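# Structural features, examined
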Amino acid sequence: MAWIVIGVCLTLLLGIGRATSTSIPDIAVATSVRALKPEGRLSAVSPVRGYTPAPLISTSQSISATQAEAIATPENWVQQGRDAYQSERFAEAITLWEQAAIAYQQQGNDVQQALVSSYLALAHQQLGAWSEARTAIATSMALLQHQQVSSNPHVPVQHRLILAQAWNTQGSLQFAEGQAEAALASWQQAATLYAAAGDSQRYIGSLINQAQAQQSLGLYLQARRTLTEVERSLQQQPDSELKAIGLQTLANALQTVGDLDQSRQLLQQSLTIAEHLDLPSVTSATLLSLGNTAQAQQDLATALTFYQRVADPSTPALTRLQAQLNQLHLLIKTEQWPQVQALLPVIETQLDTLSPNRDTIYARINAAQQIVAIARRTPSEAATLYFKAAKILAIAIQQAKQLDDQRAEAYALGQLGQVYETTHQWKDAQTLTEQALLIAQSVNAADVAYQWQWQLGRLLKAQQQPSEALAAYRAAFDTLQSLRRDLIATSSDLQFSFRESVEPVYREFVDLLLQRSLTSPTHSQQEPNQANLQEARQVIESLQLAELDNFFRTACLDSQRVAIDQINQTGTAVIYPIILSDRLEVLLSLPQQPIRQYTALVSDVEIEQTVAQLQQQLARPLTSQQGKRLGQRLYDWLVRPFAADLANSGSKTLVFVLDGALRNVPMATLYDGDRYLIEQYSLALAPGLQLLSPQPLHQTRLEVLAAGLTEGRSGFSALVNVESELNEIQTKLPSRVLLNEAFTSSALQRQIDALPFPIVHLATHGQFSSKANETFVLAWDRPINVNELSSLLRNSDDMRPTPIELLVLSACETAAGDTRATLGLAGIAVQAGARSTLASLWALNDESAARLMSQFYQELADTSVSKAEALQHAQLSLLHDPNFRHPLYWAPYVLIGNWL
């Protein structure tokens, strides 16, 4: 029945023919409200706007809309356009501002024409009309240059503010198009002009924009300093509406870069000011942001409380609706069905009372997504709910068309296609998806387009069209690659949905490639398709980079790197496990040989369970037999199929490019029934298929910068064996030691800047987490998080002819209970800019760590030994010692990156 009813909606819609950025586009402070999307597909969301277009001219008196139409002056068209823009009726704003621009041109008023042109650039950008946006901002800058606004000291301050706005708008456009460096320069120009004019609010807005660009460029310390300056400026102001809104805007920016604790603190301060000054709209917007931040922190009960507080009748209707949508999402997530049934009709009623604009269209899409989520969990009501979702989306499509908002139209059409996909109406779903994709591509909305390319791939696969499906998946993959630097900026909610909205595209694409990699289902009869195997490997590499981008909230691997296959080291084999839902694919690469493929028919769930059980066994010092059995199971999946090939190739080193849950397992503990893998091979891990240009360690004079803590600091316990560990290093290699109070973040920075040590050894508490702000190493004065550490270690890049050869993180460990904590380990390895990183998956406060490190450095002093072999020998020295033979003592150490 659901199919038939939904089909009626489709009949009405088939005749319907036919980027945002998180930067702060302008200068007038305004609250920013938004609804978090439900989990599942990545929702199109309106940009975070702390500042919206505001004219820098004003009429002598307030006039009504009717009076404005009657007067019909360019000033009134500007004001009407501003009102339309703030209501997200962008096409209407463009029409009004174009009229104003023509009028100012006829008057010869270059400055006001330049102002309106900068507004036009923003509105065109919102609709995805990038060419028109570029033309408009170029016109604005040319007009201001003609008037010598920047160079003439006698130009009025108001004109300089218009120039500042033009720079700000140009930066917004550049950032939206992925030109972060150019955007940063533009926003710096705007900030200089605002500061000179004494306009603190607009100056703060441009600083927040700069911080976003700095974060996107990987300039983490600069971004942190910029945001600190913003906070300092805000805190110096007296309590006011502008201060409350400024704090909220800063908090939203901090949430985007992952600093959730600080974001929440500033939002609480903003809320206190707003409540004290009786500012209902600011109060409700801040409560909504607090709910979003609490949800990002997985504090779901508190998030619900914040959302419920927004339901006050004094709250603006759209803000109240967005809070209720977020509340509904959490109620569904926590399966509170009576509350879901009570809230849904309230939301439906409110949807019909709001005037059309982009936010209300996205609110309809959000509501439809959640109704579909309810339908999937309540089969008895599915038909009614699917029809309801389709009806809501049909109205959203019509409203988007009326507003000429093609981006919103593309999103609503694609979501309707998803409803049809859910009900297995493949052809109708395909028609809608193709229509949505065409529109998204026409407005260069790549962040929307990839979703419909992915959806089209799923639909074609369901219709048994593998070649066409593969082409659609390849298109989605290519689009994601083009979005790489922009993906986080496009949606600050992305970190909450990466595993649902991005990762499946890669894995489903690889699934298809590897299904097609064999021309026969029997491996022994046909050789794998090498082109498909290489492409599958490339896609998994891209997934791993995307995971790290998501971890850091920026593209993090842009330096020159070398593919592992290009190293061609005799005696080295590279193993790539790829976890799919129904099987484990393992690829083996040997120098100068075709890639080999092996399929283990084991589900991702079984792999995760085996890994979790092995982790538990490794943490128990008095048991080992069960751990060996689990290690043997992993050996059977990952190594045994290639055992003969490895033996025949003469391989001495195995490099694993691990995937998913397998990253949590030290490969040294794999067991063949007789020996551990570390007893047969030296081992290394690669966070991706590419490395910093590798070279043997002993091509340079080895000197060590060693720093450590023996005393308890910041709530962490003392590490009593660290001093002996550092002393042992000094006996093996020339060293500079920073111990306890000498080991501060600034002292470490000074030493690295003063002399480019090839080896940096940090013997201190630390934690690897799936969240960048919870991944850190502990110095005497404070924890240094991963972004700060990477900036600190890289700061001397200009003076350093080569990267750090080896970064050693002794006593650090993965965060307890965090199944993806090794992302933090990979993140440190990548961001530190070191060729190799040696770290431990767990920490032991006993002599084993000191003994292993002493042996490791003794081995490094031997110029014939590689880093991987040095670690192997050190681990075996413990394995062969009766007091330390349990894997608990020697297994946690892993070498990441260059193994030479």
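Residues numbered from 1 in each chain as written. Predicted model: local features only at pLDDT ≥ 70, side-chain atom pairs only at ≥ 80, totals over all residues. Heavy atoms only, no water.

## Topic: the overall build of the protein
Selection criterion: Helix numbers and strand numbers start at the N terminus; a helix is a DSSP run of H or I with at least 4 residues, a strand a run of E with at least 2. Only protein chains enter the area calculation, which uses a 1.4 Å probe; residues under 20% of their type maximum are buried, those over 50% are exposed, and those in between are partly exposed. Each accessible area value is a Shrake-Rupley result obtained with a 1.4 Å probe; residue values ignore everything except the protein chains displayed when judging cover.
The number of helices and strands found in the protein is 36 helices and 17 strands. Relative to its 900 residues, the protein shows a buried fraction of 62%. Of the roughly 33,000 Å² of accessible surface on the protein, 49% is carried by carbon and sulfur atoms.

## As for the confidence of the model for the protein
Stated formally: The score called pLDDT rates the predictor's confidence residue by residue, from a low of 0 to a high of 100. Residues are treated as being in contact if the distance between any of their heavy atoms lies within 4.5 Å.
Considering every residue of the protein, the mean pLDDT works out to 84; 84% of them sit at 70 or more. A low-confidence stretch, residues 7–68 stays under pLDDT 50, and its non-local contacts, those more than four residues away or across chains, total 227 contacts.

## Some points on the packing of aromatic side chains
The description of an aromatic ring pair uses the distance of the two centres, along with the angle that the planes make with each other. Applicable threshold: By convention, a stacked pair of Phe, Tyr or Trp rings (six-membered ring in the case of Trp) has centres within 6.5 Å and planes under 30 degrees apart, an edge-to-face pair has planes over 60 apart, and any other such pair is tilted.
Under the counting rule described, the total for this entry stands at 14 aromatic pairs. Each ring, one from Trp-97 and one from Tyr-119, has its centre 5.0 Å from the other, and the planes form 40°; the classification is tilted. Taken together, the residues Trp-97 in helix H4 (residues 90–107) and Tyr-119 in helix H5 (residues 110–126) connect sequence positions 22 residues apart. Take Trp-97: its relative accessible area is 0%, and that puts it in the buried class. Tyr-119 sits in the buried class, given a relative accessible area of 0%. Of the aromatic side chains, those joined through ring pairs into one cluster are Tyr-85, Phe-90, Trp-97 and Tyr-119.

## Quick notes on the packing of helix H19 (residues 406–422) against helix H20 (residues 426–442)
Axis angle and axis distance: for two packed helices, these are the angle between their axes and the distance between the axes, and together they describe the pair. As a reminder of what qualifies: Helix axes use the C-alpha atoms of the stretch in contact, all axes being lines fitted to C-alpha atoms, and the angles between their N-to-C directions lie in the range 0 to 180 degrees. Here roughly perpendicular refers to angles of 65 to 115 degrees, roughly parallel to angles under 35, roughly antiparallel to angles over 145, and oblique to all remaining angles. Crossing handedness: left-handed means the near helix sits turned counterclockwise from the far one by under a right angle, and right-handed means the same turn made clockwise. Throughout this entry, Asp, Glu, Lys and Arg are counted as charged residues, while Ala, Val, Leu, Ile, Met, Phe, Trp, Tyr, Cys and Pro are counted as nonpolar. The remaining residues, Gly among them, count as polar.
Running from amino to carboxyl end, H19 crosses H20 at an angle of 160°, the nearest separation of the two axes being 8 Å. Overall, the two elements H19 and H20 adopt an arrangement that is roughly antiparallel. Our pair here, H19 against H20, has a crossing hand that is left-handed. Residues Gln-406, Glu-409, Ala-410, Leu-413, Gly-414, Leu-416, Gly-417, Tyr-420 and Glu-421 of H19 pack against Trp-426, Asp-428, Ala-429, Leu-432, Thr-433, Gln-435, Ala-436, Ile-439, Ala-440 and Ser-442 of H20. Of the residues assigned to the contact of H19 with H20, the class counts are 10 nonpolar, six polar and three charged.

## Notes on the pairing of strand E10 (residues 704–708)
Both faces of the sheet carry side chains from a regular strand, because those side chains alternate between them. Heads up, the condition is: By convention, a crossover is right-handed whenever its connection, traced from the first strand over the helix to the second and viewed with the strands pointing away, goes clockwise.
Judged by how many residues are buried, E10 sits mostly within the fold: five of five residues are covered. Burial along E10 is two-sided: the face carrying Val-704, Ala-706 and Gly-708 and the face carrying Leu-705 and Ala-707 are both buried. Tracing the backbone out of E10, into helix H30 (residues 722–732) and back to the parallel element strand E11 (residues 735–739) gives a crossover that is right-handed.

## Observations regarding the pairing of strand E7 (residues 653–656)
Heads up, the condition is: Two strands form a pair only when DSSP identifies at least two bridges running between them.
Burial of E7 is two-sided: the residues Thr-653 and Val-655 facing one way and the residues Leu-654 and Phe-656 facing the other way are all buried. Bridging between strand E4 (residues 572–579) and E7 involves four bridges; their strand directions are parallel. Within the sheet, the bridge partner assigned to Ala-573 lies in E7 and is Leu-654. Note: E7 against strand E8 (residues 682–685), four bridges, orientation parallel. When the bridges of E8 are listed, Val-655 appears paired with Ala-684.

## Section: the layout of surface pockets
To be explicit about the condition: The distinction between a cavity and a pocket rests on a 1 Å grid over the protein atoms alone: a 1.4 Å probe fits inside a cavity but cannot get out, while a pocket stays open yet meets protein on both sides within 12 Å along at least five of seven lines, and a residue with an atom within 4 Å of a point counts as lining. Grid points are joined across faces, edges and corners, and a volume is the space filled by probe spheres set on the points.
Roughly 1,000 Å³ of internal volume is contained in the largest pocket. Sorting the residues of the lining of the largest pocket by element identifies helix H25 (503–515), helix H27 (604–618), strand E15 (806–814) and helix H33 (822–831) as the ones contributing at least two each. Broken down by element, the lining of the largest pocket gets its largest block of residues, seven residues, from H27.

## Re unusual backbone geometry
Phi is mostly negative for residues that are not glycine, and the peptide bonds are mostly trans. Residues other than glycine seldom take positive phi values, yet His-424 does so here, at roughly 65°. Assignment of secondary structure puts His-424 in the loop between H19 and H20. The exposure class assigned to His-424 is partly exposed, which follows from its relative accessible area of 46%. Not every positive phi belongs to a glycine, and Ser-714 is a case in point at roughly 50°. Relative to the helices and strands, Ser-714 resides in the loop between E10 and H30.

## Section: the nonpolar core
Definition in use: Nine residue types can take part in a nonpolar core, namely buried Ala, Val, Leu, Ile, Met, Phe, Trp, Tyr and Cys, and a core is a set of them joined through side-chain atoms within 4.5 Å.
Counting 284 residues, the largest nonpolar core has Leu-584, Phe-656 and Leu-762 as its most contacted members. Sorting elements by how many residues they give to this core places helix H17 (residues 358–377) first, with 11 residues. Excluding its chain neighbours within four sequence positions, the residues that come into contact with Phe-656 are Ile-575, Val-639, Met-667, Leu-677, Leu-683, Ala-684, Leu-685 and Ala-686.

## Quick notes on the pattern of salt bridges
Put simply, the rule is: By salt bridge we mean one thing: a side-chain nitrogen of Lys or Arg within 4 Å of a carboxyl oxygen of Asp or Glu.
Across all of its chains, the model carries 26 salt bridges by this definition. When the shortest N-O distance is used, the salt bridge between Arg-458 and Glu-421 registers 2.7 Å. Remark: Glu-421 occurs in helix H19 and Arg-458 occurs in helix H21 (residues 446–462); sequence separation between them is 37 residues. By the burial criterion, Arg-458 is buried, and Glu-421 matches it. Between Arg-583 and Asp-582 there is a salt bridge, with its nearest N and O atoms 3.1 Å apart.

## Details of the side chain of Thr-744
Defined as follows: Whenever a nitrogen or oxygen atom comes within 3.5 Å of another N or O atom, the pair is scored as a polar contact, on the condition that within protein one atom can donate a hydrogen and the other can accept it, and that pairs from neighbouring residues in sequence are kept only if both atoms are in side chains.
Topologically, Thr-744 is positioned in the loop between E11 and helix H31 (745–754). Taking the relative accessible area as the measure of exposure, Thr-744 reaches 15% and is therefore buried. Within the structure, the side chain of Thr-744 is placed 3.3 Å from the side chain of Ser-746, a separation counted as a polar contact.

## Points about helix H14 (residues 300–309)
Test applied: Read the arc as the range of directions from the helix axis to the C-beta atoms.
Burial in H14 covers these residues: Leu-300, Ala-303, Leu-304, Phe-306 and Tyr-307. Summarising the axial view, the buried residues of H14 lie within an arc of 160°, below the 170-degree limit, and thus occupy one face. Structurally, H14 contributes buried residues whose contacts are with helix H12 (260–276), helix H13 (280–296) and helix H15 (317–333).

## Re empty space enclosed by the protein
Space inside the largest cavity adds up to approximately 210 Å³. The wall of the largest cavity is formed by 14 residues, among which Arg-663, Ala-686, Pro-687, Thr-822 and Ala-826 lie closest to the centre.

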